[in-house]
Amino acid sequence: MPGMTWTITPEPYDSPAARALWRAYYTEVSDRWYLLHEGRRTGARELEREIARESGAELAPPRGVLLVARWDGEPAGTAGVRLLDAGTAELTRVYVARGLRGRGGAAALVGAAEEAAREFGAGRMVLDTRTDLVEARALYARLGYRETAAYNDSPYAEHWFAKPLGRAGRVAGVSPTG
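Thresholds, definitions, all that
- Residues numbered from 1 in each chain as written.
- Predicted model: local features only at pLDDT ≥ 70, side-chain atom pairs only at ≥ 80, totals over all residues.
- Heavy atoms only, no water.
- 1 Å grid on protein atoms, 1.4 Å probe; cavity = no way out; pocket = protein on both sides within 12 Å on 5 of 7 lines; lining within 4 Å.
- Points joined across faces, edges and corners; volume = space filled by probe spheres on them.
- Helix = DSSP H or I, 4+ residues; strand = E, 2+ residues; numbered from the N terminus.
- Nonpolar A, V, L, I, M, F, W, Y, C, P; charged D, E, K, R; others polar.
- Salt bridge = Lys/Arg side-chain N within 4 Å of Asp/Glu carboxyl O.
- Buried < 20%, exposed > 50% of the residue type's maximum accessible area, 1.4 Å probe, protein only.

Undergrad: Lay out the layout of surface pockets with the relevant residues and their values.
TA: Estimated volume of the largest pocket: approximately 1,300 Å³. Along the walls of the largest pocket sit 50 residues, with Tyr25, Val29, Val94, Thr129 and Leu133 positioned nearest its centre. Of all elements in the fold, only helix H1 (16-38), helix H2 (44-53), strand E3 (74-85), strand E4 (88-96), helix H3 (105-119), strand E5 (124-129) and helix H4 (134-142) reach the threshold of two or more residues within the lining of the largest pocket. A total of 9 residues in the lining of the largest pocket trace back to one element, the largest contributor, which is H1. Here the residues of the lining of the largest pocket are counted per class, giving 24 nonpolar, 9 polar and 17 charged. Within this model, the second largest pocket holds a volume of roughly 160 Å³. Every residue lining the second largest pocket is listed: Tyr13, Asp14, Ala18, Arg19, Ala20, Trp22, Arg23, Ile51, Ala52, Glu54, Ser55 and Arg93. Among the elements of the structure, H1 and H2 are those that each provide at least two residues to the lining of the second largest pocket. Here the lining of the second largest pocket gets 5 residues from one element, more than from any other, and that element is H1. Among the residues making up the lining of the second largest pocket, the classes are represented as 6 nonpolar, 1 polar and 5 charged.

Here's what the structure looks like:
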């Protein structure tokens, strides 16, 4: 598919594209959990309740951002960043639409999220994930994240990762290594 590319830009957490991607992300990870643990998909009421409960409002300036990836102009993925403290940001909601996986979108989203965290002044990124999300764990390990001690008590977190981000306050157009 020559000419098709990823673009990643900040977007309000409640934009139509962000809401649709949140629904797709949540449906997929919830269904995977319920299928593994209870042999069923997420019930419609459960899904609506949880999607509404997790609005994403913490992914808004001045302490957070939601990034939306587009493939050839169409919304196709997300990554969220929120500051936990002055030096630590959390990566969340990393998602690429099923039909577009394997095209570099997830790595591009994580890279853009790391840059956003640096712009917030964070020197370290943390994240949590589940054991059954083997693709996510492999991605994070490939991108330099290392398993670390738990930093939260989320009932769905089974693995915690961290990565140093290097110098904060990077000058636009200059790579982090020089």
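There is more to say after this.
Undergrad: If you had to explain the pattern of salt bridges to someone new, which residues and values would you point to?
TA: It is possible for side chains of opposite charge to pair when their charged atoms get near one another. Considering all chains together, one arrives at 16 salt bridges under this definition. Glu114 is the partner of Lys163 in a salt bridge, and the nearest nitrogen-oxygen pair spans 3.0 Å. In this pair, Lys163 sits in strand E7 (residues 159-164) while Glu114 sits in helix H3, placing the two residues 49 residues apart along the sequence. For Lys163, a relative accessible area of 17% corresponds to the buried category. When salt bridges with common partners are traced through the structure, they connect Arg49, Glu50, Arg53 and Glu54 into a single cluster.

Undergrad: Give a description of empty space enclosed by the protein that names residues and reports values.
TA: Under the counting rule described, the total for this entry stands at 1 cavity of 30 Å³ or more. If you add up the space inside the largest cavity, you get close to 40 Å³. Lining the largest cavity, in full, are Ala18, Leu21, Trp22, Tyr25, Leu66, Thr78 and Arg93. By residue number, the principal contributor to the lining of the largest cavity is H1, which donates 4 residues.

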